[in-house]
Amino acid sequence: MTTWIAMVGVGLGSYLLRFTPLAQPRREQWPPPLDRAIRRAALAVLTALVVSGLQHHGTDGGSVGTLLAAAAAVASLVVARRRGSMVAAVSAGLVTYWSLTALADVLR
Amino acid sequence: MAATAFDQPRELHAGAGAMLPMVAGLAPLGLVLGAAIANHREALAAWSGTLAIFGGSAHLAVIQSLDRGSAAPLAIATGLLIQARLVVYSASLADAWRHQPRWFRAIGAAVLVDPTWALADQRAAQPGSAADHRRYYLAGAATLVVAWVAIVTTGALLGARLGSGVGLELAGPFCLIAMAAPRLIEKSDWVVAAVAGTVATIAAGLPAGTSLLVAMGAGVGAGALIDGRSR
């Protein structure tokens, strides 16, 4: 039930966010401090989710698994910044992780 | 200039064609989202967000937040924070769409997301009637809706076969990195991300996903502090 509530809540909220400015078209813009705060809140949440995902992986793979995942995340970020492509960023992260995991297995 | 019968299919084909490369770029996120849906305890409810939320990053964030034990209000707040950028997209189209009928603005808003906004913004800068712009947008949006539902559903059906034990589950965080990367524009954005990431690491032990809120507050606070110092 929690998931249904969350999906409906985010769905309705998203529609309000999408439609409200179009319902009464105006040329006004948001105050810059509010605009910046919203942008940064989204960035902070995305970063926290990335960290959470890497830590979650670490609980399965141990501390070495977390380190390897963190290194792969850095590679993914570098490629995302340079190429601006999600496919390239995900591929770079996964290839780095697999390469480092194979190297770690050889060194053990 | 009024649209002719000849213009109608041209705009429809152009809108759908312009959306196809964006669909290809979104495929990894859709598959990862589908896998997350399959592994979620209420898979059907999670899948319903594919159309209800119609935003991959917010949808994935809500599912991951629920998987980490967050209550519904916190998961909703997390999703809406990520969707908040849509207000800016919508506001930027308000002027270009002011001559469009209300029904179109109501339907167009429902499928407004990064790729459809990019399409609408691009088409609005080119010549053509309101009907041309409308057909172009609707064709592009319809293409995205059909493809998005198909990709997410495919990911959900493949489910656990996508990634268990070989590290493919890391594709989720890497998709989020790809979404965060373009937001790292100014030095203060890097500080916000660094502070939020550090706080999320330290606060990982907090109950029921509150680490997300703490990290968000710390990140926004750090950004505001930098703004205050630079004045």
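Up top you'll find the structure we're talking about.
Structure report, in brief.

Rules used in this analysis
- Every chain's residues receive numbers from 1 upward, in the order its sequence appears when written.
- Just so you know, chain letters begin at A and ligand numbers begin at 1, following the order they were written in.
- A pLDDT threshold of at least 70 governs which residues receive local features in this predicted model, and a stricter bar of 80 or more applies before side-chain atom pairs are shown or counted, although totals over entire chains, interfaces and linings include all residues.
- Where side-chain values are given, they derive from all heavy atoms of the structure, hydrogens and water being excluded.
- Helical segments are the DSSP runs of H or I of at least four residues, strand segments are the runs of E of at least two, and each set is numbered from the N terminus.
- Note on contacts: a residue pair qualifies if any of its non-hydrogen atoms lie within 4.5 Å across the two residues.
- Each accessible area is a Shrake-Rupley result for a 1.4 Å probe, and residues are judged covered by the shown protein chains and nothing else.
- Lines fitted to the C-alpha atoms define the axes, with helices restricted to the stretch that makes contact. Angles between their N-to-C directions range from 0 to 180 degrees.
- An angle below 35 degrees is treated as roughly parallel, one above 145 as roughly antiparallel, one from 65 to 115 as roughly perpendicular, and anything else as oblique.
- Left-handed is the label given to a crossing in which the near helix is rotated counterclockwise from the far helix by less than a right angle, and right-handed is the label when the rotation is clockwise.
- Residues are grouped as follows: Ala, Val, Leu, Ile, Met, Phe, Trp, Tyr, Cys and Pro are nonpolar; Asp, Glu, Lys and Arg are charged; every other residue, Gly included, is polar.
- Only protein chains enter the calculation, and the probe is 1.4 Å; a residue is then buried if its accessible area is under 20% of its type maximum, exposed if over 50%, and partly exposed in between.
- Salt bridges are defined by distance alone: a side-chain nitrogen of Lys or Arg within 4 Å of a carboxyl oxygen of Asp or Glu.
- When two parts are put together, the accessible area they lose, computed with a 1.4 Å probe and summed over both, is reported as buried area.
- We call two N or O atoms a polar contact when they sit within 3.5 Å, provided that within protein one can donate a hydrogen and the other can accept it, with sequence-adjacent residues counted only if both atoms are side-chain atoms.
- A 1.4 Å probe that fits but cannot get out identifies a cavity on a 1 Å grid over protein atoms alone, an open set with protein on both sides within 12 Å along at least five of seven lines counts as a pocket, and a residue lines either if it has an atom within 4 Å of a point.
- Grid points are joined across faces, edges and corners, and a volume is the space filled by probe spheres set on the points.
- The term nonpolar core refers to a set of buried residues drawn from Ala, Val, Leu, Ile, Met, Phe, Trp, Tyr and Cys, joined through side-chain atoms within 4.5 Å.

**Remarks on the overall build of chain A**
Broken down by element type, chain A carries 3 helices and 0 strands. The order of helices and strands in chain A, counted from the N terminus, is α-α-α. A separation of at least 24 residues holds for 40% of the contacts in chain A among residues at least 6 apart in sequence. Entry remark: accessible area of chain A is about 5,800 Å², with carbon and sulfur atoms responsible for 66%.

**Points about the packing of helix H2 (residues 43-52) of chain B against helix H8 (residues 130-158) of chain B**
All names here are of chain B. H8 packs onto H2 with a crossing angle of 160 degrees between their chain directions and a minimal axis gap of 10 Å. One element, H2, and the other, H8, form an angle in the roughly antiparallel class. Crossing handedness for the pair H2 and H8: right-handed. Note on element contacts: H8 touches H2 through Val145, Trp148, Val149, Val152 and Thr153, opposite Trp47, Thr50 and Leu51. Its residues placed into classes, the contact of H2 with H8 shows 6 nonpolar, 2 polar and no charged.

**Brief notes about unusual backbone geometry**
Residues and elements named next belong to chain B. One non-glycine residue, Phe54, lies in positive phi territory at about 45 degrees. Take Phe54: it is sitting in the loop between H2 and helix H3 (56-67). Among the residues examined, Phe54 registers a relative accessible area of 3% and is labelled buried.

**Some thoughts on the pattern of salt bridges**
All told, the structure shown has 5 salt bridges over all chains when counted by the stated rule. Across the pair Asp227 of chain B and Arg40 of chain A runs a salt bridge whose closest N-O atoms are separated by 2.8 Å. Residue Asp227 of chain B is located in helix H11 (residues 210-230), and its partner Arg40 of chain A is located in helix H2 (residues 32-83); the two belong to separate chains. Grouping residues by exposure puts Asp227 of chain B and Arg40 of chain A together as buried.

**Side note on the interface of chain A and chain B**
Across the boundary between the two partners, chain A contributes 61 residues, which contact 88 residues of chain B. Here chain A meets chain B over a buried area of about 6,500 Å², counting both sides, of which 72% is carbon and sulfur. Between the two partners, chain A and chain B, sit 2 salt bridges. In this structure, Asp227 of chain B and Arg36 of chain A form a salt bridge, with 3.1 Å as the shortest nitrogen-oxygen distance. Connecting chain A to chain B are 18 residue pairs in polar contact (both at pLDDT 80 or more). Secondary-structure elements contributing two or more residues to the side of chain A that touches chain B are helix H1 (2-23), H2 and helix H3 (86-107) of chain A. Residue contributions to the side of chain A that touches chain B peak at 30 residues, all from H2 of chain A. When the residues that make up the side of chain A that touches chain B are grouped by side-chain class, the tally is 39 nonpolar, 14 polar and 8 charged.

**A word on the environment of Gly49 of chain B**
As for its placement among the helices and strands, Gly49 of chain B is situated in helix H2. Gly49 of chain B gets classed as buried once you look at its relative accessible area, which sits at 0%. Put simply, Gly49 of chain B and Ile37 of chain B are 12 residues apart on the chain and 9.7 Å apart in space, counted from C-alpha to C-alpha. In this structure, Gly49 of chain B is in contact with Met7 of chain A together with Phe54 and His59 of chain B, ignoring residues within four places of it in sequence.

**Things to note about empty space enclosed by the protein**
All names here are of chain B. Using the criterion set out here, one finds 1 cavity of 30 Å³ or more in the structure. Considered as a void within the structure, the largest cavity measures approximately 50 Å³ in volume. Every residue along the wall of the largest cavity is listed here: Ala96, Trp97, Leu119, Ala120, Arg123, Ala124, His133, Tyr136 and Tyr137. For the lining of the largest cavity, the element with the highest residue contribution is helix H7 (residues 114-124), accounting for 4 residues. Classifying every residue of the lining of the largest cavity gives 7 nonpolar, 1 polar and 1 charged.

**Examining the nonpolar core**
Membership of the largest hydrophobic core comes to 87 residues, with the highest contact counts inside it found for Leu29, Tyr137 and Phe174 of chain B. Top contributing element to this core by residue count: H2 of chain A, with 15 residues. With sequence-adjacent residues up to four places away left out, Leu29 of chain B is seen in contact with Met86 of chain A together with Gly56, Ser57, Leu60, Trp148, Cys175 and Met179 of chain B.

**Structural notes on the side chain of Ser57 of chain B**
Residues and elements named next belong to chain B. Mapped onto the elements of the fold, Ser57 is located in helix H3. Residue classification places Ser57 among the buried residues on the basis of a relative accessible area of 6%. Once residues lying within four places of it in the same chain are set aside, the contact partners of Ser57 are Leu29, Ile82, Arg85 and Met179.

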